[in-house]
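Breakdown of the fold
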Amino acid sequence: MINFALPIIEIFDKPPQDGTIFKCPLFCKRHFNHKCTEYYNRIKEIPGMHQCPYGFASDIIQIEETKIIITALNIERYSLRHEVRKRISKNELYPRIKIEDYFYIKGGINRALVNAAAESYPITKNYINDIFHELRKLNAEIKRQGDYLLRELKIYPKGDRVLDRAQNIFSTSQLFSARLNAFDLALNPELPFSGLKHKISVYKKFEKAMHCLSLSERNKRINISVNGESHTLIKALEVFDLLPFLILENAIKYSIKNSDVTIKFQETKNTLIVEVANYGPPLNTEDQVNIFNRGYRGIYAREFTPEGTGIGLYLTKAIADAHNIEISIFSNSTTINDRGTILAEFIITLKFHDLISEKNK
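As a starting point, this report considers the structure included with it. Predicted, not measured: the structure shown is a model, and the values here were computed from it. (Residues numbered from 1 in each chain as written. Predicted model: local features only at pLDDT ≥ 70, side-chain atom pairs only at ≥ 80, totals over all residues. Heavy atoms only, no water.)

1. Quick word on the packing of aromatic side chains
Stated formally: Any two of the Phe, Tyr and Trp rings considered here, Trp counted by its six-membered ring, make a pair once their centres fall within 6.5 Å; the pair's planes then place it as stacked at under 30 degrees, edge-to-face at over 60, or tilted in between. Helix and strand labels come from DSSP, where a helix needs a run of H or I of at least four residues and a strand needs a run of E of at least two; each type is numbered from the N terminus.
A complete count under the given rule lists 8 aromatic pairs for this structure. Considering the side-chain rings of Tyr-254 and Phe-304, the 6.2 Å spacing of their centres and the 45° angle between planes classify their relative orientation as tilted. Here the residue Tyr-254 occupies a position in the loop between helix H9 (242-253) and strand S8 (260-267), and Phe-304 occupies one in helix H11 (residues 299-304), the gap between them amounting to 50 residues. Linked through ring pairs, Phe-12, Phe-32, Tyr-39 and Tyr-40 together constitute an aromatic cluster.

2. Considering the side chain of Lys-205
Quick reminder of the rule: Contacts between residues were defined by any pair of non-hydrogen atoms, one from each residue, lying within 4.5 Å.
Take Lys-205: it is sitting in helix H7 (residues 202-212). Leave out the neighbours within four places in its chain, and Lys-205 touches Ile-200, Phe-240, Asp-241 and Pro-244.

3. A short note on the sheet that holds strand S6 (residues 223-227)
Strand pairing in a sheet is mediated by backbone hydrogen bonds. Such pairs are either parallel or antiparallel. The condition is simple: By the convention used here, strands pair only if DSSP detects at least 2 bridges between them. In this analysis, axes come from line fits to C-alpha atoms, helices being fitted only over the stretch in contact, and the angle between any two N-to-C directions falls in the range 0 to 180 degrees.
The mixed open sheet is built from 5 strands, whose spatial order is S6-S8-S9-S11-S10. For this open sheet the edge positions go to S6 and strand S10 (325-338), each flanked by a neighbour on one side alone. On average, each strand axis in the sheet is inclined to that of its neighbour by 15°, with strand direction left out of account. Strand direction decides the pairing type here: strand S9 (residues 272-280) and strand S11 (residues 341-352), joined by 9 bridges, are antiparallel. What sits directly across from Gly-280, in S11, is Ala-344.

4. Here's the deal with the nonpolar core
Using the following cut-off: Note on terminology: a nonpolar core comprises buried Ala, Val, Leu, Ile, Met, Phe, Trp, Tyr and Cys residues joined through side-chain atoms within 4.5 Å. Note on classification: 1.4 Å probe, protein chains only; a residue is buried when its accessible area is under 20% of the maximum for its type, exposed when over 50%, partly exposed between these limits.
Formed by 47 residues in total, the largest nonpolar core has its most connected members in Val-202, Phe-206, Phe-240, Ile-263, Val-274, Leu-350 and Phe-352. Listing elements by their share of this core, those giving two or more residues are H7, strand S7 (233-236), H9, S8, S9, helix H12 (312-322), S10 and S11. The element that contributes the greatest number of residues to this core is H9, accounting for 8 residues. Apart from the residues within four sequence positions on either side, Val-202 is in contact with Thr-232, Ile-234, Phe-240, Phe-265, Leu-272, Val-274 and Phe-352.

5. Some points on helix H2 (residues 34-43)
Let me state the cut-off plainly: The arc refers to the directions leading from the helix axis to the C-beta atoms. Whenever two N or O atoms come within 3.5 Å, that pair is a polar contact, provided that in protein one can donate a hydrogen and the other can accept it, and provided that, for residues adjacent in sequence, both atoms are side-chain atoms.
What H2 keeps buried is the set Cys-36, Tyr-39, Tyr-40 and Ile-43. Buried residues of H2, seen end-on, are gathered within an arc of 90° and therefore sit on one face of the element. Exposed side chains of H2 directed beyond 90 degrees from the buried face belong to His-34, Glu-38 and Arg-42. Put simply, Asn-33 is the residue that caps the front of H2, since its side-chain oxygen is 2.9 Å from the backbone nitrogen of Lys-35.

6. As for the pairing of S11
Both S10 and S11 contribute to a ladder of 11 bridges, which runs antiparallel. Bridge pairing in S11 places Ile-327 opposite Leu-350. In textbook terms, the turn of a hairpin is the stretch between consecutive antiparallel strands, and for S10 and S11 this stretch comprises 2 residues, one of which, Arg-339, has a positive phi near 50°.

7. A look at the packing of H7 against H9
Under the convention used in this document: Throughout, the term roughly parallel applies to angles under 35 degrees, roughly antiparallel to angles over 145, roughly perpendicular to angles from 65 to 115, and oblique to all others. Note on convention: near helix rotated counterclockwise from far helix by under a right angle means a left-handed crossing. Clockwise means right-handed.
Between H7 and H9, the least distance of the axes is 8 Å, while the angle of their chain directions is 50°. Taken together, H7 and H9 sit at an angle that is classed as oblique. Once H7 is placed against H9, the crossing between them reads as right-handed. Facing Lys-205, Phe-206, Ala-209, Met-210 and Cys-212 of H7, the residues of H9 in contact are Pro-244, Phe-245 and Leu-248.

In structure tokens form, the structure reads like this:
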């Protein structure tokens, strides 16, 4: 549990709770009424500073899906000095706080909330619903392809169509497993980052992810192309398999139909650079800062598709950090309008440093 220095409100029909340093003013406790309740209900979904009917300031802080309402504040520029002064008794310690001092206190609260979220790894109901919705779709696809395969075996016992159906079932089952692994990683984030590392080919892991996503690629009519190649190896944990899968799945999800996703490999003596590019929702300045945060989805991404949990790139960054891989995102400021949809070039870059030399392969 986090202790707040300033008063907060959690139940809108009851007065604010005391902070550990500043208590809620007696006026707010004794005169809490329908105006207060209406005020908090009106602002509860709007992050930022607000002013209550009696001149006090409120600030709504949001970390992922958690909102904290700090209230009954006496702050420069945000609360009405004269209104607040006449509502605070002489016996109360409630000085007017300078704006820079408040931002310092708020920064500490933000850090505490982020640390608490990182320690608890909350799995929200929406996230679980999204995961099971995706798994149900994949299971339905496996059943559908299996039914086709059984029927076509009777007609084309050795035909190419049978092989194609079998490949679809295999790809969908791999996708099903990958989704379960991603869910397990979000649920138990510390477990997959232990154990022994084994030599793996980055290029082959991307190939495996492409096979896994082949049905998704085909259904959306996305063309994935590979430029360059790589023969280098790295030492990686088993969880590394999810990294190319999450990146390519993200690229497919946020590409329009009949478009391209490109994977580019650039290998030198000491480094390997992998770039995955597509045209998708652009990022604004806020998105650039928060894109790897757990549960974060940009405004254009939410408009592009309601599907998504904001977990994929967070997990991608966690896996990259565990393997000393530099990861960066570029979103072109130049956008295009494709039949009413705003798109921009979107590139995820991975830079590998810990390569295994030829003599150690």
